[in-house]
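In case you want the letters, here they are:
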Amino acid sequence: QVQLVESGGGLVQPGGSLRLACVVVGEYLSSFGMGWFRQGPGKEREFVATIDWSGDSTDYADSVKGRFTISRDNGQNTLYLQMHSLNPEDTAVYYCARTKSPGLGSRWHWQYQYWGQGTQVTVSS
């Protein structure tokens, strides 16, 4: 059974940084593209970033481009999201997700096959 387990969320002040991690259990991470999504209070789930199986190709939402970096360590079966210059609009539950293919993931959440339970990120002074 495939499980995705996120960690690294928490409370951070505006301008601060956090690094989220997503460990994949039950299969080899290297076979699939991966993505990060987030869902803020009263908002729909939205795309944040995606990465292909090798880590060579990435895509970001405009709202996080230049501030967030998605990466992966296939040897450790772990996906990361490094977040800098956080602002209150980044407050959300962050989810990692696995695609159905090795390529770059979609910006549409319904095209992902497995999801983690989410980790809360709160940006507040």
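Let me begin by describing the structure that accompanies this report. (Residues numbered from 1 in each chain as written. Predicted model: local features only at pLDDT ≥ 70, side-chain atom pairs only at ≥ 80, totals over all residues. Heavy atoms only, no water.)

Next up on the list: the pairing of strand β8 (residues 78-83). Across the 6 residues of β8, 5 count as buried, placing the element largely inside the fold. Pairing of strand β3 (residues 18-25) with β8 involves 6 bridges; the strand directions are antiparallel. Within β8, the residue paired with V23 across the bridge is T78. Where strand β7 (residues 68-73) and β8 come together, 6 bridges link them in antiparallel fashion. (Buried < 20%, exposed > 50% of the residue type's maximum accessible area, 1.4 Å probe, protein only. Helix = DSSP H or I, 4+ residues; strand = E, 2+ residues; numbered from the N terminus. Pairing = 2+ DSSP bridges.)

Per the stated rule, a full pass over the model turns up 6 aromatic pairs. Taking the centre distance of 5.9 Å and the plane angle of 55° together, the rings of Y112 and W115 count as tilted. What makes Y112 buried here is its relative accessible area of 5%. The partly exposed category is assigned to W115, whose relative accessible area is 24%. Taken together, F37, F47, Y95, Y112 and W115 form an aromatic cluster joined through their ring pairs. One cation-aromatic arrangement involves R45 over Y95; the distance from NZ or CZ to the ring centre is 3.9 Å. (Phe/Tyr/Trp six-rings, centres within 6.5 Å; stacked < 30°, edge-to-face > 60°. Lys NZ or Arg CZ within 6 Å of the ring centre and 35° of its normal.)

Next up on the list: the sheet that holds strand β1 (residues 3-7). Whenever strands of a sheet pair, they do so through backbone hydrogen bonds, lying parallel or antiparallel. Pairing is antiparallel across the open sheet formed by 4 strands, whose spatial order is β1-β3-β8-β7. Of all the strands in the sheet, the pair left with one neighbour each is β1 and β7. Taking each pair of neighbouring strands and ignoring which way they run, the sheet shows an average axis angle of 15°. (Axes fitted to C-alpha atoms, helices over the stretch in contact; angles between N-to-C directions.)

Summed over all chains, the structure comprises 6 salt bridges. Residue R38 pairs with E46 through a salt bridge whose shortest N-O separation is 2.6 Å. Taking relative accessible area as the criterion, E46 reaches 34% and is therefore assigned partly exposed. A single salt-bridge network, built from bridges that share partners, covers R38, E46, R67 and D90. (Salt bridge = Lys/Arg side-chain N within 4 Å of Asp/Glu carboxyl O.)

Turning our eyes to something else, we now look at a nonpolar patch on the surface. On the surface, V5, V23 and V25 cluster together to form a nonpolar patch covering roughly 200 Å² of accessible area. With respect to the secondary-structure elements, V23 resides in strand β3. (Patch = residues over 30% accessible without salt bridge, like charges linked within 9 Å, V, L, I, M, F, W, Y side chains within 5 Å. Areas by Shrake-Rupley, 256 points an atom, 1.4 Å probe, with all protein chains shown as cover.)

This part is about the pairing of strand β5 (residues 46-51). Most of β5 sits out of view: 5 of its 6 residues are buried. With 5 bridges joining them, strand β4 (residues 34-39) and β5 adopt antiparallel strand pairing. Bridge assignment links W36 to a residue of β5, and that residue is A49. Here β4 folds back onto β5 in antiparallel fashion, the turn holding 6 residues, of which G42 has a positive phi close to 70°. With 3 bridges joining them, β5 and strand β6 (residues 58-60) adopt antiparallel strand pairing. Pairing of T50 across the sheet is with D59, part of β6.

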